[in-house]
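# Understanding the architecture of this molecule
If you want the building blocks of each chain, they are given just below.
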Amino acid sequence: MRTLAIIGSGPAGFYTAEAALKTFGEDVRCDIIDRLPTPYGLIRAGVAPDHQSIKAVSRRYEAVATDARVRFVGNVTIGEDVSVEELTGLYDDVVLAIGAPLDKPLGVPGSELPGVMGSAAFVGWYNGHPDFHDRVPPMAVEGAVIVGNGNVAIDCARILAKTVGELSDSDIVGDALMPDLRSGLRRVHILGRRGPHQASFTLKEVGELGELELATPLVRPEDFPPVEADAALETGQRRVVEVLRKFAAAGPDPEKRVVVQLDFFHRPLKVLGNGRVEAIEVMRTRLDADGRAVDTGETEIIPCGLVVAAIGYRTSPVPGVPYDTDAGRFANVDGLISDGLWCVGWARRGPSGTIGTNRPDGFALVERLAAVERSGGKPGPAGLDALLAGRKVKVAYFADWQKIDALEVSRARPGAPREKIATLDELRRVIAD
Ligand SMILES: Cc1cc2nc3c(=O)[nH]c(=O)nc-3n(C[C@H](O)[C@H](O)[C@H](O)COP(=O)(O)OP(=O)(O)OC[C@H]3O[C@@H](n4cnc5c(N)ncnc54)[C@H](O)[C@@H]3O)c2cc1C
């Protein structure tokens, strides 16, 4: 019997478990361990609450979690409740699939001011991640600045710019509906140090900026290279640029109250404010011959009460596991960290790609892992149970999650799929009953 401990119940963890079931057949037991009592990682706590169709991928993971060869073992933190060393003693293979939950710091003076937050915190807050329940962003601001030119930046801008009505069928937490903020907001800036050709947006996310009830996109025509240059772009990027060009040609809709301004060729220099964010000083940039952003020397001050840095993530280090500080992930060669210890998903390759990218990643890892013969005889799940019971850790199994799920669904606002429970205390109370 092959025994696997997969740490992390996000897409990478579930695809790895799915691959293990297919590869080892009846001859495998997988424990999917997570620090939260709730499964699915960023599907629950990252993917935008108004993108419910994307979150539906969790149904596929549910089929894996309810397979008799698999257990979801929630409310157990690796590095605190149990060490990686202990797990490698208990299971044939241990796979770290803990994602990249830490924000890359903005790293400019003033970043420590209240009102500056990373996107993990901001997104985690509106998505009901218990780590960020208390990280309430400033309300009633007229201007917000999102730093970064990827889909997470667009998600943050869109969630700010939507009306309460537009979010009614989402699972955004009730606190984050923020009617105060929504009524006062006038400008959301999305800063990117390079231009439209270099932005990492996808078509759906950019297109949605043109469909908001009270918000309208603003893109400067002068930020584009000559239109002939678009021909060299790969198809997906060319379509994104076409939409951005349309926004630039149309100009912002004067009937709409909130302008979502795509400030290409801007980089943050300094956050300004007395005791809280009041503005951000930015440098205008341009591309050099190698396509890098270089400063023009021209600066600008953008008034704002909220700054969200959506500039990437890092894996959290785990005691005893080699870590690549520059890359912000575990030091590994094709997923192998050391004998019997592996990593997969964002913990392996850093925060890139879509949910689907984690599937081939999980399958490739299991292929490598299966090529290593194991002598067997390790205690596996029974050993973990004994260890956790001895430490009085209250495990949340999948049935406990189903209880949380049912309660959240029963508490949903009219039209919404659920009202999330966003504190660990309350989640633990539910599973204690
Ligand atoms: C804001 C945001 C929006 C996104 N939107 C989309 C989208 O719309 N479409 C798309 O295709 N992709 C999207 N992505 C990307 C997608 O979410 C990732 O590709 C995917 O979640 C990475 O999977 P993962 O399993 O590596 O990490 P995660 O999903 O982060 O899962 C990691 C899991 O590990 C657990 N964990 C962490 N530390 C420990 C520990 N010490 N002990 C035990 N458990 C631990 C966490 O609780 C979590 O459940 C988005 C990403 C973000 C950040």
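Below is a short write-up of the structure.

Thresholds, definitions, all that
Residues numbered from 1 in each chain as written. Predicted model: local features only at pLDDT ≥ 70, side-chain atom pairs only at ≥ 80, totals over all residues. Heavy atoms only, no water. Helix = DSSP H or I, 4+ residues; strand = E, 2+ residues; numbered from the N terminus. Rg over C-alpha atoms; globule rule 2.2 N^0.38 Å. Contact = heavy atoms within 4.5 Å. Areas by Shrake-Rupley, 256 points an atom, 1.4 Å probe, with all protein chains shown as cover. Lys, Arg positive; Asp, Glu negative; His and termini not counted. Charge placed at Lys NZ, Arg CZ, Asp CG, Glu CD. Core = buried A, V, L, I, M, F, W, Y, C linked by side-chain atoms within 4.5 Å. Buried < 20%, exposed > 50% of the residue type's maximum accessible area, 1.4 Å probe, protein only. Near = heavy atom within 4 Å. Polar contact = N/O pair within 3.5 Å; in protein donor to acceptor, adjacent residues only side chain to side chain. Nonpolar A, V, L, I, M, F, W, Y, C, P; charged D, E, K, R; others polar. Salt bridge = Lys/Arg side-chain N within 4 Å of Asp/Glu carboxyl O. Pairing = 2+ DSSP bridges. Axes fitted to C-alpha atoms, helices over the stretch in contact; angles between N-to-C directions. Parallel < 35°, antiparallel > 145°, perpendicular 65-115°, else oblique. Left-handed = near helix turned anticlockwise from the far one by under 90°. Expected span 1.5 Å × (residues − 1).

### As for the overall build of the protein
The helix and strand inventory of the protein stands at 15 helices and 19 strands. By the compact-globule yardstick of 22 Å for 433 residues, the protein fits well, its C-alpha radius of gyration being 23 Å. Principal-axis analysis of the C-alpha atoms places the extent of the protein at approximately 70 × 50 × 40 Å. Long-range pairs, those at least 24 residues apart, make up 75% of the contacts in the protein between residues at least 6 apart in sequence. Here the protein has roughly 18100 Å² of accessible surface; of this, 52% comes from carbon and sulfur atoms. The averaged location of the 60 negative side-chain charges in the protein is 1 Å from the averaged location of its 51 positive side-chain charges.

### Focus on the nonpolar core
Counting residues in hydrophobic clusters, the biggest one holds 50 residues, and the most contacted among them are Y126, I146, L160 and L244. It is helix α7 (residues 151-161) that provides the largest number of residues to this core, a total of seven residues. Grouped together as the second largest cluster of nonpolar side chains are 36 residues, Y61, V64, A65 and V366 included.

### Examining the site of the ligand
Neighbouring residues of the ligand: 29 residues in total, closest A12, D34, L42, W346 and I355. Side-chain polar atom of D34 to an oxygen atom of the ligand: 2.5 Å apart, as the coordinates give it. Contact distances for the ligand include 3.0 Å between a nitrogen atom and a backbone N or O atom of I78. In isolation the ligand offers 1000 Å² of accessible surface; the protein chains occlude 90% of this area. Of the residues in the shell around the ligand, the class split is 15 nonpolar, eleven polar and three charged.

### Quick word on the pattern of salt bridges
Inspection of the entire model under this criterion finds 32 salt bridges. Salt-bridge contacts for R292 lead to D288; the nearest nitrogen and oxygen are separated by 3.4 Å. Between D361 and R349 there is a salt bridge whose closest N-O contact spans 2.8 Å. Placement of the pair is D361 in helix α12 (residues 358-370) and R349 in helix α11 (residues 346-349), with a sequence separation of twelve residues.

### Considering the pairing of strand β14 (residues 306-309)
Every regular strand shows the same layout, with side chains that alternate between the two sheet faces. Burial along β14 is two-sided: L306 and V308 and V307 and A309, pointing in opposite directions, are all buried. Relative to β14, strand β6 (residues 116-118) is paired through three bridges, and the arrangement is parallel. Its bridge partner being in β14, V116 is matched across the sheet by V307. Strand direction decides the pairing type here: strand β7 (residues 143-147) and β14, joined by four bridges, are parallel. Pairing of V145 across the sheet is with V307, part of β14.

### A look at the packing of helix α6 (residues 119-126) against α7
To describe two helices that pack against each other, one gives the angle between their axes and the distance between the axes. Remark: α6 packs on α7, axes separated minimally by 11 Å, with the N-to-C direction vectors making an angle of 45°. By the angle between their directions, the pair α6 and α7 is classed as oblique. When you trace α6 past α7, the crossing you get is left-handed. In this structure, α6 uses S119, F122, V123 and Y126 to contact α7, whose residues at the interface are V152, D155, C156, I159 and L160. For the contact of α6 with α7, a count of residues per class yields seven nonpolar, one polar and one charged.

### Observations regarding unusual backbone geometry
The phi dihedral of Y40 is positive, around 90°, even though this residue is not glycine. Position of Y40 relative to the elements: it lies in the loop between β2 (28-33) and α2 (42-45). We classify Y40 as buried; its relative accessible area is 6%. Positive phi outside glycine occurs at K392, with the angle close to 55°. Relative to the elements of secondary structure, K392 occurs in the loop between α13 (381-390) and α14 (398-410).

### Quick notes on helix α10 (residues 235-250)
Between the first and last C-alpha of α10 there are 23 Å, a value that for 16 residues agrees with the 22 Å anticipated at 1.5 Å per step. For α10, the complete set of buried residues consists of Q237, V240, V241, V243, L244, R245, F247 and A248. Looking at the buried side of α10, the elements it contacts are α9 (203-209), β9 (215-219) and β10 (258-263). At the N-terminal boundary of α10, the capping side chain belongs to E234, with an oxygen 2.8 Å from the backbone nitrogen of G236. Positive backbone phi, at 75°, marks G251, one or two positions downstream of α10.

### Considering the sheet that holds strand β8 (residues 187-191)
Pairing within the open sheet is parallel, and its six strands lie in the order β6-β14-β7-β8-β10-β9. Both outer strands of the open sheet, β6 and β9, are each paired with one neighbouring strand and no more. Each strand of the sheet is rotated relative to its neighbour by a mean of 20°, with strand direction disregarded. Along the sheet, α6 makes contact with β6 and β14, crossing β6 at roughly 85°.

### Quick word on the packing of α14 against helix α15 (residues 424-432)
Across the interface, α14 lies against α15 with an axial gap of 9 Å and an inter-helix angle of 115°. Taken together, the axes of α14 and α15 lie roughly perpendicular to each other. Note that α14 runs across α15; the crossing there is right-handed. Residues D400, K403, I404 and L407 of α14 lie in contact with α15, whose contacting residues are L427, V430 and I431.

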